[in-house]
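# Topology and contacts: notes
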Amino acid sequence: MAFLLIKNGQIVTDSDSFQGDILIDDGKIQAIGRELEKPDLKTQVLDASGLLIFPGGIDPHVHMELPVAGTVSSDDFESGTRAALAGGTTTIIDFVTPERGQPLLEALQGRKELAGKSVCDYGFHMSLTAWNETIRREMETCVREEGIPSFKVYLAYKETVGLEDRDLIAVMDTAARLGALVTAHCEHGDLVTYLSKKLLAAGRTEPRSHALSRPPEVEREAVVRALTFAKLTGAQLYIVHVSTKEAVREIARAQAKGRPVFAETCPHYLLLDAREYDRSPAAAAAYIMSPPLRPPEHKAALWDALKNGTLQTVGTDHCPFNLKGQKDRDLSDFTKIPNGVAGVENRLELLFTAGVLRKHISLRQFVRVTSANPAKIFGLFPRKGSVSVGADADLVLWNPAAQEIISAETQKQRCDTTIYEGFKIRGKPETVIAKGHIVFEKGEVTAERGAGRYLYRQKTNLLPSDLN
Ligand code: URP
Ligand code: ZN
């Protein structure tokens, strides 16, 4: 591969911001400095004057081609990772979700085969959907041999993937012994089932009832439960898609006691609210995700928590379904609408526009929550999430002045709808580089199908205070 030299960009990392040049060779950053020279005549030079340079985004929470309730999320690994690159995300972490009774390693193999067509690098969290001694041994293999040091548990969806308390405790105990991280979907499943049945029986079948079936108490209860189990087992905990001020308060309390507790929110909880459910049933279905959108007052608490470091990451929970043929299959029963929304393409531009430009977070915090912190928490740092010599050359050349209006018509995400329709964004990737190759320029993704690589991740042993 020929050398690539990026000149005159403003390099922004989680801890620094400086004007400089970056020399890339063989997929890695070889040098960073001022006025670097071309090593040879064949060196390609990119002028980054006026642009910011970030480490490639890392989305720690996506679900490509995920089977859900008789359908499959509409982005496959190729279309979804193309959309990721277009938005400046060069690494995703998806999930392996074994069928109950299926060996974890068999499910992993199946997922690796599907993900082979990815155009950006990818790793997996292993979901635990059942519990027995074989699974305990397989968890060890995941950590020691497969580069998967993070396990997902669902406190919701007990009929399909969720675990009972005794199994959650066993998972956390095993993870603690292995030095692995437990990521938790915190909604109390039995409460959701109870409230859903009650709403349906009362004839409240429309999509807006989704939010009423999963009120903030349902999240708070599950967060407290997960925090308690993590404390008593010694597990490191990462709470996914935090959506409420009550959950933030509980997480902050645990962190203040020095516990290894990390948490993520998503752009939709920062930017949208439950008023979207007042639309017609056919339109409101587009906004069905779990946890649901919340009353407006929760948004300020989430922004504050990102700023003060209670929340360390922004993941998208990217799990799109088309409005036509997927979301609208049965609008007469809100529990049958597939849960999930698209976002992997929009995460950086939304966070930059609404977070950095509106001064909720600084540029360095932007890099932390979109790249450096996911890399650190999930065992990829400094190879990913940093701009440093020896790191993978995954870089976003960001034009802070670019403007665009988000639309389902023009998005690269394979979905007929976007919950951000009409959003005016400012700041977009001009060029994206992954492992030293230009993979996005002039509005087009140029990466080859299958260019992404499976990432073996390392165990970590961090505290939230290590990330601020
Ligand atoms: O609504 C959501 N979050 N869908 C994706 C699957 C999950 O629960 O993470
Ligand atoms: Zn998810």
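These numbers were taken from a predicted model, which means no experiment stands behind them.

Rules used throughout
Residues numbered from 1 in each chain as written. Chains lettered and ligands numbered in written order. Predicted model: local features only at pLDDT ≥ 70, side-chain atom pairs only at ≥ 80, totals over all residues. Heavy atoms only, no water. Buried < 20%, exposed > 50% of the residue type's maximum accessible area, 1.4 Å probe, protein only. Helix = DSSP H or I, 4+ residues; strand = E, 2+ residues; numbered from the N terminus. Pairing = 2+ DSSP bridges. Donors = N, O, S within 2.8 Å, 3.2 Å for Na, K, Ca; no water. Tetrahedral: all angles 85-135°; square planar, octahedral: opposite > 155°, others 65-115°. Salt bridge = Lys/Arg side-chain N within 4 Å of Asp/Glu carboxyl O. Near = heavy atom within 4 Å. Polar contact = N/O pair within 3.5 Å; in protein donor to acceptor, adjacent residues only side chain to side chain. Areas by Shrake-Rupley, 256 points an atom, 1.4 Å probe, with all protein chains shown as cover. 1 Å grid on protein atoms, 1.4 Å probe; cavity = no way out; pocket = protein on both sides within 12 Å on 5 of 7 lines; lining within 4 Å. Sits in = over half its atoms within 2 Å of the grid points. Nonpolar A, V, L, I, M, F, W, Y, C, P; charged D, E, K, R; others polar. Phe/Tyr/Trp six-rings, centres within 6.5 Å; stacked < 30°, edge-to-face > 60°. Lys NZ or Arg CZ within 6 Å of the ring centre and 35° of its normal. Contact = heavy atoms within 4.5 Å. Axes fitted to C-alpha atoms, helices over the stretch in contact; angles between N-to-C directions. Points joined across faces, edges and corners; volume = space filled by probe spheres on them. Disulfide = S-S within 2.5 Å.

Attention now goes to the pairing of strand β1 (residues 4–12). In terms of burial, β1 is a largely internal element, seven of the nine residues being buried. As paired strands, β1 and strand β4 (residues 44–47) are joined by four bridges and run parallel to one another. Each bridged residue has a counterpart across the sheet, and for L5 the counterpart in β4 is V45. Relative to strand β2 (residues 17–25), β1 runs antiparallel, the two being bridged by seven bridges. Directly across from L4, in β2, lies its bridge partner I24. Counting the residues that bridge the hairpin from β1 to β2 gives four residues. In this structure, β1 lies alongside strand β5 (residues 52–55), joined through two bridges in parallel fashion. What sits directly across from Q10, in β5, is L52.

Our next topic: the coordination of the zinc ion (ligand 2). Listed as protein donors to the zinc ion (ligand 2) are H61 (NE2), H63 (NE2) and D317 (OD); their distances from the metal cover 2.0 to 2.1 Å. Here the zinc ion (ligand 2) is ringed by four donor atoms whose angles at the metal span 86 to 149°, and the overall shape comes out irregular. Sequence spacing of the donors to the zinc ion (ligand 2): H-x1-H-x253-D. In this pair, H61 sits in the loop between β6 (57–59) and β7 (67–68) while D317 sits in the loop between β15 (313–314) and α12 (323–327), placing the two residues 256 residues apart along the sequence. The residues H61 and D317 share a single accessibility class, namely buried.

Before going further, it helps to spend a moment on the pattern of salt bridges. Tallied over the full model, the rule gives 35 salt bridges. E221 is the salt-bridge partner of R225, the closest N and O atoms lying 2.6 Å from each other. One end of the pair is R225 and the other is E221, both in helix α7 (residues 216–233) and four residues apart, which spans about a single turn. In this structure, K299 and D273 form a salt bridge, with 2.8 Å as the shortest nitrogen-oxygen distance.

A separate point is the site of ligand 1. Taken together, the residues surrounding ligand 1 are H61, H63, Y157, H185, M289, S290, D317, C319, N339 and G340. Contact distances for ligand 1 include 3.3 Å between an oxygen atom and a side-chain N or O atom of Y157. Contact distances for ligand 1 include 2.6 Å between a nitrogen atom and a side-chain N or O atom of D317. Here ligand 1, which alone exposes 270 Å², has 96% of that area covered by the protein. Applying the majority rule of atoms within 2 Å of the grid points places ligand 1 in the largest pocket. Here the shell around ligand 1 is composed, by residue class, of three nonpolar, six polar and one charged.

This part covers unusual backbone geometry. The linkage connecting S290 with the following residue, P291, adopts the cis geometry, with an omega of -5°. A cis geometry characterises the amide bond from F381 onward to P382, with omega recorded as 0°. Relative to the elements of secondary structure, P382 occurs in the loop between α14 (363–377) and β16 (395–405). Positioned with a positive phi, D26 is a non-glycine residue whose angle comes to about 55°. Along the chain, D26 turns up in the loop between β2 and β3 (28–33). In this model, K435 sits at a positive phi of 45°, which is unusual for a non-glycine residue.

A complete count under the given rule lists 13 aromatic pairs for this structure. Site record: aromatic cluster; members linked through ring pairs are F77, Y122, F124, Y454 and Y456. Note that K112 overlies the ring of Y454, its terminal NZ or CZ placed 4.5 Å from the centroid. One Lys or Arg, K152, reaches over the ring of F95 and ends 4.2 Å from the middle of that ring.

Turning next to the sheet that holds β6. If you trace the eight strands from one edge of the open sheet to the other, you get β6-β9-β10-β11-β12-β13-β14-β15, paired in parallel fashion. Every interior strand has two partners, whereas the edge strands, β6 and β15, have only one. As defined by bridge partners, strand β10 (residues 121–127) adjoins strand β11 (residues 150–154) across two bridges and the pair is classed as parallel. When the bridges of β11 are listed, S127 appears paired with K152. Packing against the sheet, helix α4 (residues 165–178) makes contact with β11, β12 (181–185) and β13 (236–239), and its axis sits at approximately 150° to β12. Here helix α13 (residues 347–356) sits on the sheet in contact with β6, β9 (89–96) and β15, set at roughly 110° to β6.

Scanning all chains against the criterion turns up three cavities of 30 Å³ or more. Taken as a whole, the largest cavity holds about 60 Å³ of empty space. Its residues placed into classes, the lining of the largest cavity shows seven nonpolar, three polar and one charged. What the second largest cavity holds in volume is close to 40 Å³. Here the lining of the second largest cavity is built from residues that sort into four nonpolar, four polar and one charged.

This next bit is on the state of the cysteines. Taken as a whole, this structure holds zero disulfides when the rule is applied. In this structure C266 is not part of a disulfide, and its nearest cysteine sulfur, from C319, lies 11 Å away. Free of any disulfide, C415 has its nearest cysteine sulfur in C319, 10 Å distant. Judged by relative accessible area, C415 falls into the buried class, the value being 10%.

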